[in-house]
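Here are the chains, one letter per residue:
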Amino acid sequence: MEFETNYYSDTEGAVFWVPNQEAIHFRRVNPPLTCNSGLHINPRRPPFWPGFSPVNPLLVGFLELGFDPDVLMKMEVQRSISLLQFMADEGLVPSPEEEIKRRNVIAKLKQIVMHWVKRVAYQCQLPKNRVRAASATILTFGSYGLGVHNSGSDIDALCVGPYFATMAEDFFVLLHNMLASRPEVTEIHCIKDAKNVDLLNPFFLRNIDDTSWRSLSGVRANKSILQLAPNVELFQSLLRCVKLWAKRRGVYGNLHGFFGGVHFAVLAAFVCQRHPNASLSLLISIFFKTFAFWPWPRPVFLHGRMMAPTISSDSRFLMPIQLPCSPNEYCHSNITRSTFFRIRTEFLRGHALTKDILRPDFSWSILFDPFPYAKKYAQFVKICLSASNQDELRGWVGWVKSRFRSLLVKLEELQGFCDPSPLEYVDVDLGAPNVVFYWGLQPSRRDIIDIDFVDEDFMKNMSNGYRVPPGRMKLSVVKASQLPKSVTCNTGSKGVRARWRILDNSQRKIPVRTNSLPQEFAGLMATNGSAEFPSAGV
């Protein structure tokens, strides 16, 4: 069987030339070094040699031109090191002190739920031995569970309790009150009917109810992905880079129609599985090449769990990615025609930039340049959400974002294309707590969009089913020249989230950002009416 010439390296960095089934040391061609033992032949892929890693395809041309292979290998290693340094400079790797603080918080939370569950067991009048044996715990998932959290990340945690603890009384009343009584607790989110089981063991999950199954899906997906990744540290580094790239380029966020964390985790693990010995710089290059030319809607799935899934006819499955822990489940997707185009375009851009990372003027920062919304689009849909106080705003924004897809589809019907930027801003000229989004529009056959009709139609959708009086929403169309400075200058490092409260409505306020993450919105600072600070409103 004939294969194309491939280059591999061993653990010491020696380069081998692999024509067909014979591995030849690049510097010791006579006699050839044959490594037929352990050769795995896949007619769709080049040979896999145990103990060898494929040389970056970027190096092959240089090798064939006679360049020193040792120098080229060192250059590739240096690219990986420079990328790791870039990640550290961007605050993507928490400090040891921050890690200790997170571990302490989780340990304390576990103590609280253990005290809670024994109290529940006692109130249920269980025998003393069962009260002593009663147990509950905290499971982490999301970015923290995968080990890819950064300095500004929160912790996604799931409380897993016993069957005798009721949702209505024990979870939402007793545990809520115990947590609320602690001064360090500011927000509480309860997940009902969890169970203390091996989350990947089908025996324990065979009779689980739908609610519990959905509650456990994030934890189970994390555990499966980490088990299937051949090198966890390389997988984590790759995923950190990919998530930063996606956020900077405005294609991160499931509610906005893009990929979320679990989508990118599966894609990163997919690349790592197929290239278990590749360097970080090579993995980045392969990642973008793989998905820039992926034949969507062919599903992406990880090997080792199940057979290849079938393609769904659902229009939301434009870019299907299978959950690694479930044979018939996909990562939830809100992708539309517009977001599909944006993601594919960014994959192609990433491939164009990383296919030649050995050029002398290459810089990783180019890959992570923020998406230039103000230069790309002439018009924007401004979505302003407001409420009476911060608590109401939090619930209202979450509710509206969960239905953003219907708004995006409506705008696509009217305009043909809409880019729903995930970045969030605050209009400091508006007295009430608010969050503002700016979605890019491209010119279409309709010069004028009836935004009032879209506003009215979407607001009816929002009000239907909302359990408390809804907040306020206002849609308007603005030109790029009308965008506030905070939008035109935003680097996109992290979505600007509304974490603030009004200090004094009589004073003018400006956004304040943290020192560790300058693009992270932290609050508002009073300026005593100074006019030198630009407004963030339009």
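Everything numeric in this text was worked out from a predicted model, so none of it was measured.

1. A short note on the overall build of the protein chain
Next, step 1: A tally of regular secondary structure across the protein chain gives 18 helices and 14 strands.
Next, step 2: Per-residue burial for the protein chain yields a buried fraction of 48% across its 538 residues.
Next, step 3: For the protein chain, the computed accessible surface area is about 26,900 Å², with 54% contributed by carbon and sulfur atoms.

2. Looking at the confidence of the model for the protein chain
Next, step 1: Put simply, the protein chain has an average pLDDT of 75, and 68% of its residues get 70 or more.
Next, step 2: In this model, residues 190–198 is a region of pLDDT below 50 whose contacts with residues beyond four sequence positions or in other chains number 31 contacts.
Next, step 3: Note that residues 491–538 has pLDDT below 50 and, in this model, 119 contacts with residues that lie over four places away or in other chains.

3. Considerations on the pattern of salt bridges
Next, step 1: According to the stated counting rule, one finds nine salt bridges in the structure shown.
Next, step 2: Note that Arg-182 and Glu-184 form a salt bridge whose closest N and O atoms lie 3.0 Å from each other.
Next, step 3: In this structure, Lys-410 and Glu-413 form a salt bridge, with 3.9 Å as the shortest nitrogen-oxygen distance. A residue pair is termed a helical-turn pair when its members lie 3 or 4 positions apart in one helix, as Lys-410 and Glu-413 do in helix α16 (residues 404–415) at three residues.
Next, step 4: Classification of Lys-410 by relative accessible area gives partly exposed; the value is 21%.
Next, step 5: Residue Glu-413 is classed as exposed on the basis of its relative accessible area of 54%.
Next, step 6: Beyond isolated ion pairs, a larger network of salt bridges with shared partners links Arg-249, Arg-342, Glu-346 and Asp-419.

4. Here we look at the pairing of strand β11 (residues 434–441)
If a strand is regular, its side chains alternate between the two faces of the sheet.
Next, step 1: Of all eight residues in β11, eight are buried; the element is thus mostly enclosed.
Next, step 2: Taking every second residue as pointing to the same face, both faces of β11 are buried, with Asn-434, Val-436, Tyr-438 and Gly-440 on one and Val-435, Phe-437, Trp-439 and Leu-441 on the other.
Next, step 3: Here strand β9 (residues 379–386) runs beside β11; their pairing, made up of eight bridges, is antiparallel. Note that in β11 the partner of Gln-379 across the bridge is Leu-441.

5. What about the sheet that holds β9?
Backbone hydrogen bonds hold the strands of a sheet together, and the pairing may be parallel or antiparallel.
Next, step 1: Spatially, four strands are ordered β10-β11-β9-β12 in an open sheet, and the strand pairing comes out antiparallel. Each end of this open sheet is capped by a strand with a single partner; those strands are β10 (418–419) and β12 (472–479).

6. Comments concerning the environment of Ala-107
Next, step 1: Assignment of secondary structure puts Ala-107 in helix α3 (residues 96–123).
Next, step 2: Along the sequence, Ala-107 and Thr-137 sit 30 residues apart, while their C-alpha atoms lie 9.6 Å from each other.

7. Notes on helix α11 (residues 280–292)
Next, step 1: A rise of 1.5 Å per residue sets the reference length of α11, with its 13 residues, at 18 Å; its end C-alpha atoms lie 18 Å apart and thus fit the reference within 8%.
Next, step 2: Here α11 lies mainly inside the structure; 11 of its 13 residues are buried.
Next, step 3: Residues of α11 that are buried include every one of Leu-280, Ser-281, Leu-282, Leu-283, Ile-284, Ser-285, Ile-286, Phe-287, Phe-288, Phe-291 and Ala-292, and no others.

8. Details of the pairing of β9
Next, step 1: Of all eight residues making up β9, seven are buried, and the element is well covered by its neighbours.
Next, step 2: The pairing of β9 with β12 spans eight bridges and is classified as antiparallel. Opposite Phe-380, over in β12, you have Val-478 as the bridge partner.

9. Remarks on the packing of α3 against helix α6 (residues 167–180)
Next, step 1: Closest axis-to-axis distance for the α3/α6 pair is 11 Å, and the angle between their directions is 130°. Considering their axes alone, α3 and α6 lie oblique with respect to each other. Here α3 and α6 pass one another in a crossing that is right-handed. Contacts between α3 and α6 involve Leu-109, Ile-112, Val-113, His-115, Trp-116, Arg-119, Val-120 and Gln-123 on the former and, on the latter, Asp-170, Phe-171, Leu-174, Leu-175, Met-178 and Leu-179.
Next, step 2: Of the residues assigned to the contact of α3 with α6, the class counts are 10 nonpolar, two polar and two charged.

10. Section: unusual backbone geometry
Next, step 1: Between Trp-296 and Pro-297 the backbone carries a cis peptide bond, its omega angle lying at 10°.
Next, step 2: Position of Pro-297 among the secondary structure elements: in the loop between α11 and α12 (337–354).

11. Quick look at the nonpolar core
Most often, soluble globular proteins have nonpolar side chains that are buried together.
Next, step 1: The biggest cluster of nonpolar side chains holds 60 residues, and the ones touching the most others in it are Phe-235, Trp-245, Phe-259, Phe-264, Phe-291 and Phe-347.
Next, step 2: At the level of elements, α2 (69–89), α8 (210–228), α9 (232–248), α10 (261–274), α11, α12 and α13 (364–367) are the ones that each hand at least two residues to this core.
Next, step 3: Leave out the neighbours within four places in its chain, and Phe-259 touches Val-251, Tyr-252, Gly-253, Asn-254, Phe-264, Leu-267, Trp-296, Met-319, Ile-321, Ile-335, Ile-343 and Phe-347.
Next, step 4: Phe-404, Leu-408, Phe-437 and Met-459 belong to the second-largest nonpolar core, a separate cluster that totals 27 residues.

12. Examining the side chain of Arg-249
Next, step 1: Topologically, Arg-249 is positioned in the loop between α9 and α10.
Next, step 2: In terms of polar contacts, Arg-249 uses its side chain to reach the backbone carbonyl oxygen of Pro-370, at 3.4 Å.

13. Observations concerning the packing of aromatic side chains
Each aromatic ring pair is characterised by the separation of its centres together with the angle its planes make.
Next, step 1: The final tally for this structure, using the stated rule, is 26 aromatic pairs.
Next, step 2: The interplanar angle of 65° and the centroid separation of 5.2 Å between the aromatic rings of Phe-287 and Phe-291 together place this pair among those described as edge-to-face. Here Phe-291 and Phe-287 lie together in helix α11, a separation of four residues that amounts to about one turn.
Next, step 3: We classify Phe-291 as buried; its relative accessible area is 0%.
Next, step 4: Members of the aromatic cluster, each reached through a chain of ring pairs, are Trp-245, Tyr-252, Phe-259, Phe-264, Phe-270, Phe-287, Phe-288, Phe-291, Trp-294, Trp-296 and Phe-347.
Next, step 5: Of note, Lys-247 hangs over the ring of Tyr-252, and the distance from its end group to the ring centre comes to 5.0 Å.
Next, step 6: Taking the ring centre of Phe-371 as reference, the NZ or CZ of Arg-342 above it sits at 3.9 Å.

14. A few points about the side chain of Glu-424
Next, step 1: Turning to its location among the elements, Glu-424 is positioned in the loop between β10 and β11.
Next, step 2: When its relative accessible area of 10% is taken as the criterion, Glu-424 is described as buried.

15. Comments concerning the packing of α10 against α11
A pair of packed helices is characterised by two quantities: the angle between their axes and the separation of those axes.
Next, step 1: Axis separation between α10 and α11 bottoms out at 10 Å; the angle between their running directions is 110°. Between α10 and α11, the interaxial angle falls into the category roughly perpendicular. Handedness of the crossing formed by α10 with α11: right-handed. Facing Phe-264, Leu-267, Ala-268, Phe-270, Val-271 and Cys-272 of α10, the residues of α11 in contact are Leu-283, Ile-286, Phe-287, Thr-290 and Phe-291.
Next, step 2: Broken down by class, the residue content of the contact of α10 with α11 amounts to 10 nonpolar, one polar and no charged.

Here is what the cut-offs are and how they apply
- Residues numbered from 1 in each chain as written.
- Predicted model: local features only at pLDDT ≥ 70, side-chain atom pairs only at ≥ 80, totals over all residues.
- Heavy atoms only, no water.
- Helix = DSSP H or I, 4+ residues; strand = E, 2+ residues; numbered from the N terminus.
- Buried < 20%, exposed > 50% of the residue type's maximum accessible area, 1.4 Å probe, protein only.
- Areas by Shrake-Rupley, 256 points an atom, 1.4 Å probe, with all protein chains shown as cover.
- pLDDT = per-residue confidence, 0-100.
- Contact = heavy atoms within 4.5 Å.
- Salt bridge = Lys/Arg side-chain N within 4 Å of Asp/Glu carboxyl O.
- Pairing = 2+ DSSP bridges.
- Expected span 1.5 Å × (residues − 1).
- Axes fitted to C-alpha atoms, helices over the stretch in contact; angles between N-to-C directions.
- Parallel < 35°, antiparallel > 145°, perpendicular 65-115°, else oblique.
- Left-handed = near helix turned anticlockwise from the far one by under 90°.
- Nonpolar A, V, L, I, M, F, W, Y, C, P; charged D, E, K, R; others polar.
- Core = buried A, V, L, I, M, F, W, Y, C linked by side-chain atoms within 4.5 Å.
- Polar contact = N/O pair within 3.5 Å; in protein donor to acceptor, adjacent residues only side chain to side chain.
- Phe/Tyr/Trp six-rings, centres within 6.5 Å; stacked < 30°, edge-to-face > 60°.
- Lys NZ or Arg CZ within 6 Å of the ring centre and 35° of its normal.

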